[in-house]
Every structure is written in structure tokens, then in C-alpha cells.
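# Examination of the molecular architecture
Residues per chain are reported as follows:
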Amino acid sequence: MDLYEPGSGSQVHDFNGGLLASGLFWTLPVPPGAIRVSADGRRAVRHLTDFPVVDSFSFGSPIATPATVSLRVEWTATGPFVERGSGKDVAPTSDAAFRGRFAPAVSTATFAGSELGFSFRAHRGVTTAGGGYAQMGWHRNGVFLTG
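Right, let's walk through the structure included here. (Residues numbered from 1 in each chain as written. Predicted model: local features only at pLDDT ≥ 70, side-chain atom pairs only at ≥ 80, totals over all residues. Heavy atoms only, no water.)

As paired elements, strand β4 (residues 43-55) and strand β5 (residues 65-77) share 11 bridges and run antiparallel to each other. When the bridges of β5 are listed, Pro52 appears paired with Thr68. Two strands pair when backbone bridges link them, and β5 and strand β7 (residues 98-115) are joined in this way by 11 bridges, in the antiparallel orientation. Across the sheet, residue Ser70 finds its bridge partner in β7, namely Ala112. (Pairing = 2+ DSSP bridges. Helix = DSSP H or I, 4+ residues; strand = E, 2+ residues; numbered from the N terminus.)

And the structure:
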């Protein structure tokens, strides 16, 4: 989650997962049950409470402090799922070595975060309805493509 200063638009907080030994950034595993998907696959909810992250204040900053975020995001598909990618029909190193199903969606969310001396809470029920963009789906890519 990034936070920007009103008016100037300068980034003042970057709540993220840090840089992992694998080279991944902004990515952390979530606990089992943090993501629930409906039986028909058209609705999904991610819910985290006081999830540990770091605040590096701006992208790539060498300065970081322990922080937590809490969030609840709900996606509801608003259209059909569409198949994308070429999967095993191309080399695993190809940009097309990807397979997925995606649908346009509406999302609604609540967000909060804190670190020593600072906290924030977004307006309840921030939504993409009425002009935002969201999508939901499943994908597999590159060397992780199994079937």
C-alpha cells in the first residue's frame, strides 16, 4: 500500500513485504484462510488483520521500519471469464508461457495500517463501482505451469 501527500502527490509511505532473498518484492505469503473464493468462482474475499510488513516510505528506500496492515477486499465478477495465454504451447521463458482465466469485476475494500508514530485508515467501502477498474481470475506462468 502506498500513501501520498495530498496536494503535492509526493509518496510518504510504502507499506510492503520488503525485498525477499528470492528477489521478489511487494509479495508475501498470506495465512491459510486469508483468501476465500465462492464455489462458483465469481466472488473472492481477502481478509488480513495486523499483517506484518515494513514501511520503506518510498519505493526502493534503504530505510524501513516494522509496520502492520489490515485489509478486507471483496471482488465480484461482473462479466464472463476469458481464457488468456499460450501455456505449454510456447517455451517456458516466453512472455506467453502463461495461462489464465480472467473476468471484469467490482471490488470493495477497507484498509488500515500503522507503524511507530503513524497510522492511517481509508474511508470505509472504497469501491471500483462507478468508474474504477478491477478484475479477478486464476493464472499459472512460466516454469510453474503444470498442466
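Back to the text.
Core analysis: the largest hydrophobic core is formed by 12 residues, namely Leu3, Phe15, Ala34, Leu48, Phe51, Val53, Ala67, Val69, Leu71, Val73, Ala109 and Phe120. Breaking this core down by element, the ones donating at least two residues are β4 and β5. The leading source of residues in this core is β5, at 4 residues. Among the nonpolar cores identified, the runner-up in size contains 7 residues, and Ala44, Ala103, Ala105 and Ala134 belong to it. (Core = buried A, V, L, I, M, F, W, Y, C linked by side-chain atoms within 4.5 Å. Buried < 20%, exposed > 50% of the residue type's maximum accessible area, 1.4 Å probe, protein only.)

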